[in-house]
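Coordinate inspection notes
Residues per chain, in single letters:
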Amino acid sequence: MKKSSFVALMLGTVSGVLFALGMCMALISEWNAFKPGIVFGVVGLVLGLVTLLVWRKMEHKAPIHISARSVLTAAVGVIGALALGVGMCFCMVWSNIVLGVAIGLAGIVVLLCLIPLTKGIR
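The paragraphs below set out a description of the structure included in this document. Treat the numbers as computed from the prediction; the structure is a model and nothing was measured. (Residues numbered from 1 in each chain as written. Predicted model: local features only at pLDDT ≥ 70, side-chain atom pairs only at ≥ 80, totals over all residues. Heavy atoms only, no water.)

**Considering the overall build of the protein chain**
- Across its full length, the protein chain holds 5 helices and 0 strands.
- In the protein chain, the succession of α and β elements from N to C terminus is α-α-α-α-α.
- At 18 Å, the protein chain has a C-alpha radius of gyration far larger than the 14 Å of a compact globule built from 122 residues.
- Buried positions account for 17% of the 122 residues belonging to the protein chain.
- When contacts within the protein chain are restricted to residue pairs at least 6 apart in sequence, those whose partners lie at least 24 apart make up 48%.
- Taken as a whole, the protein chain presents about 8,900 Å² of accessible surface, with 78% of it coming from carbon and sulfur. (Helix = DSSP H or I, 4+ residues; strand = E, 2+ residues; numbered from the N terminus. Rg over C-alpha atoms; globule rule 2.2 N^0.38 Å. Buried < 20%, exposed > 50% of the residue type's maximum accessible area, 1.4 Å probe, protein only. Contact = heavy atoms within 4.5 Å. Areas by Shrake-Rupley, 256 points an atom, 1.4 Å probe, with all protein chains shown as cover.)

**Some remarks on the environment of Val109**
- Checked against the element boundaries, Val109 lands in helix 4 (residues 97-112).
- You can call Val109 partly exposed: its relative accessible area is 48%.

**Concerning helix 3 (residues 68-92)**
- A rise of 1.5 Å per residue sets the reference length of helix 3, with its 25 residues, at 36 Å; its end C-alpha atoms lie 36 Å apart and thus fit the reference within 8%.
- Where helix 3 is concerned, the buried positions are Thr73, Val76, Gly77, Gly80, Ala83 and Gly87.
- Buried positions along helix 3 lie against helix 4 and helix 5 (114-119). (Expected span 1.5 Å × (residues − 1).)

**Comments concerning helix 2 (residues 34-58)**
- The first and last C-alpha atoms of helix 2 sit 36 Å apart over 25 residues, in line with the 36 Å expected at 1.5 Å per residue.
- Along helix 2, the positions that sit buried rather than exposed are Gly37, Gly41, Gly44 and Thr51.
- Looking at the residues trailing helix 2, positive phi occurs at His60, about 60°.

**So, unusual backbone geometry**
- Non-glycine residue Asn32 carries a positive phi angle of around 50°.
- Relative to the assigned elements, Asn32 resides in the loop between helix 1 (3-27) and helix 2.
- With phi around 60°, His60 is a residue other than glycine that occupies positive phi space.

**Structural notes on a nonpolar patch on the surface**
- Judged by side-chain polarity, Ile97, Val98, Val101, Leu105, Ile108, Leu112 and Ile115 come together as a nonpolar surface patch covering roughly 660 Å² of accessible area.
- With 6 residues, the top contributor of residues to the nonpolar patch is helix 4.
- The topology assignment puts Val101 in helix 4.
- Take Val101: its relative accessible area is 41%, and that puts it in the partly exposed class. (Patch = residues over 30% accessible without salt bridge, like charges linked within 9 Å, V, L, I, M, F, W, Y side chains within 5 Å. Salt bridge = Lys/Arg side-chain N within 4 Å of Asp/Glu carboxyl O.)

Laid out in structure tokens, this is it:
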């Protein structure tokens, strides 16, 4: 294993755990830890961004250039993932299976649109 991969693995794991713990702290009301949860979540996000920058530097890759296409791709991914999650919430939390399946399928279709958006159609 390359050193850059190992560093990215360790930093990525720590950032993911911090983010997940922060979201649990913020969203589980029985824990009464909303503000510390937000802090943990933000620290996890920042550490995730630092992980990306450190890994790219260690791999001698060019900095990330933000374009309209990359912003559109990220927005489509976020919208699709949120729609899929909302559909799951409708099914599992609010016991509205029909609407949940419909919203979840719409989210899956939006996520499938990422393939031609990123790879193109030949």
